[in-house]
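As a plain string of letters, each chain reads:
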Amino acid sequence: MVTVHAKADSIAAYQALLTSDWTKSLTQKVLALLWKILSTDASAETSLIWQLLNPSNAKGFSAEQFRAISSRIQDGTRFIRLANVPPVDIGRLGEKRNSLLLIQARQLAAYLTLQAHTQVLDRADFLLDVQALGFQAAIHFVLPELRERNEPEYSLLLNAAILFAVGNSANDFAHSSYMLAMIHGHLGDQEQRLRSLLASFRCTSPEDHSYLTKAQEVWTELLEQDKRAEAEDFLLDLNRSSLPSHQEEVREMVVDAFKFILRDSADNN
Amino acid sequence: MTKLGGNDPSHDLSTKSKDKEEKKLRQEARRLLGRQHAKERGKKPNRANEISRQKSKRVHQGTD
């Protein structure tokens, strides 16, 4: 059992992470914040999950102990079938010495699936907010490096990220689809990425503040995939369906799209 | 205290502040449009979306 606290300094730290540019240091900052907002009672301080979450214990954590958490993540992902996702190779976890990258990967995997390992009390919503930043750190910084080094922790963290994204579908399908699009992008599955971006956009009302962001993600992805005609049709539809307050920015989008097409055509000639 | 978005409604940014921040990130992402900037460009809308996540529900409920 863990209790979540949302004190003023933790909220300020969350705000700073959200409004600053994301660099490689995001991962360690998010892990520090996740640890800071949690507490447990004295009897649970020796529990497996608590030891794993604690940054000061992470270096001494044995692979054997970690396998219990990993097995639960592996069991969870058996229900979700995504192409190109390697299964968690529990036998190989922890086979290398504990580098910072591997420690970050194991801790992120545990934090992203925390609700499956223990009961979470009090400010669970705030935990979800900070976990979401952990998901971003995993996608942008930790997973690419793990994949490059062919680490077994790669599949563990990838599967934990998938569980986190799918776990959000019940209360926020648009955001869940958006996170899945990020995962498909990481996996190099451009077709599924586009489908997930479209699903996310279609489930978002024009009144939603993320509407134009999700719209831009769709048409820029279409252009990146050389689907110019579809991008143009999408932008024309967007111009018709968006709110009067969006019109000016939609026009900017149209201009930027055509600038890109012209530049891209010139580069290819 | 400045409020920011996400699942916890107690730290939500004002509608105006969020719109301004998200629009800035969208513009930056459009400036980076092109294959050579794909990795860096991807972070901008991801951050904009993270800022606005869940906020609209509060707008619809009339509590923002």
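Residues numbered from 1 in each chain as written. Chains lettered and ligands numbered in written order. Predicted model: local features only at pLDDT ≥ 70, side-chain atom pairs only at ≥ 80, totals over all residues. Heavy atoms only, no water.

## Brief notes about the overall build of chain A
For chain A, the helix and strand inventory stands at 13 helices and three strands. A compact globule built from 269 residues should have a C-alpha radius of gyration of about 18 Å, and chain A, at 20 Å, falls within 12% of that. In terms of principal-axis extent, the alpha carbons of chain A reach across some 60 × 40 × 30 Å. When burial is assessed residue by residue, chain A has 54% of its 269 residues classed as buried. Excluding contacts between residues fewer than 6 apart, the proportion of contacts in chain A whose partners are at least 24 apart in sequence is 68%. When the accessible area of chain A is evaluated, it comes to approximately 11,800 Å², of which 51% is carbon and sulfur surface. (Helix = DSSP H or I, 4+ residues; strand = E, 2+ residues; numbered from the N terminus. Rg over C-alpha atoms; globule rule 2.2 N^0.38 Å. Buried < 20%, exposed > 50% of the residue type's maximum accessible area, 1.4 Å probe, protein only. Contact = heavy atoms within 4.5 Å. Areas by Shrake-Rupley, 256 points an atom, 1.4 Å probe, with all protein chains shown as cover.)

## As for the packing of helix α5 (residues 100–112) of chain A against helix α7 (residues 124–148) of chain A
All names here are of chain A. Axis separation between α5 and α7 bottoms out at 10 Å; the angle between their running directions is 145°. Crossing handedness for the pair α5 and α7: left-handed. Residues L101, L102, Q104, A105, L108, Y111 and L112 of α5 touch α7, and the partners they reach there are Q131, G134, F135, A138, V142, E145 and L146. A class-by-class count of the residues in the contact of α5 with α7 yields ten nonpolar, three polar and one charged. (Axes fitted to C-alpha atoms, helices over the stretch in contact; angles between N-to-C directions. Left-handed = near helix turned anticlockwise from the far one by under 90°. Nonpolar A, V, L, I, M, F, W, Y, C, P; charged D, E, K, R; others polar.)

## Structural notes on the interface of chain A and chain B
Many structure descriptions define interface size as the accessible area lost when the parts assemble. Across the contact, 45 residues belong to chain A and 42 residues belong to chain B. Both faces combined, the contact of chain A with chain B buries some 3,900 Å², and carbon together with sulfur accounts for 48% of it. It is L18, H209 and E224 of chain A in chain A that bury the most area against chain B; as a group they hold 18% of the surface buried on that side. Between chain A and chain B we count seven salt bridges in total. Between E252 of chain A and R30 of chain B there is a salt bridge; the shortest N-O distance is 3.1 Å. There are 21 residue pairs in polar contact (both at pLDDT 80 or more) connecting chain A and chain B. Looking at the side of chain A that touches chain B, the elements with two or more residues in it are α1 (8–19), α7, α9 (173–187), α11 (211–224) and α13 (247–268) of chain A. (Buried area = accessible area lost by both parts, 1.4 Å probe. Salt bridge = Lys/Arg side-chain N within 4 Å of Asp/Glu carboxyl O. Polar contact = N/O pair within 3.5 Å; in protein donor to acceptor, adjacent residues only side chain to side chain.)

## Overview of the sheet that holds strand β1 (residues 2–4) of chain A
Strand order in the open sheet formed by three strands is β2-β1-β3 (chain A), with mixed pairing between adjacent strands. Two strands in the sheet have a free side with no partner beyond their single neighbour: β2 (38–39) and β3 (120–122) of chain A. (Pairing = 2+ DSSP bridges.)

## Quick look at α11 of chain A
All names here are of chain A. For α11, built from 14 residues, the straight-helix expectation of 20 Å at 1.5 Å per residue is met to within 8% by its first-to-last C-alpha distance of 20 Å. The buried fraction of α11 is high, at 14 of 14 residues. Positive phi appears at D226, one or two residues downstream of α11, with a value of about 60°. (Expected span 1.5 Å × (residues − 1).)

## With respect to α7 of chain A
Residue pairs spaced three or four apart in an α-helix point in one direction, given the helix's 3.6 residues per turn. Residues and elements named next belong to chain A. A rise of 1.5 Å per residue sets the reference length of α7, with its 25 residues, at 36 Å; its end C-alpha atoms lie 34 Å apart and thus fit the reference within 8%. If you look at α7, its biggest bend is around 45°, right at A138. The element α7 is largely enclosed, with a buried count of 20 among its 25 residues. At the C-terminal side of α7, N150 shows a positive phi close to 55°. (Bend = angle between axes of the 7 residues up to and from the residue.)

## Here we look at the confidence of the model for chain B
All names here are of chain B. Of the residues in chain B, 61% reach a pLDDT of 70 or more, and the chain-wide mean stands at 70. Helix α1 (residues 15–31) holds the highest mean pLDDT among the elements of chain B, 87, whereas helix α3 (residues 55–60) holds the lowest, 36. Across the interface, the model reports ipTM at 0.86; the global pTM reads 0.89. (pLDDT = per-residue confidence, 0-100.)

## Here's the deal with the pattern of salt bridges
Counted according to the given criterion, the structure contains 17 salt bridges over all chains. Close ionic contact of R47 of chain B with D21 of chain A constitutes a salt bridge, the shortest N to O distance being 3.1 Å. Taken together, the residues R47 of chain B in helix α2 (residues 38–52) and D21 of chain A in the loop between α1 and α2 (26–36) connect one chain to another. On the basis of relative accessible area, R47 of chain B is assigned to the buried category, the value being 4%. The network of salt bridges with shared partners includes D21 of chain A together with E21, E28, K44 and R47 of chain B.

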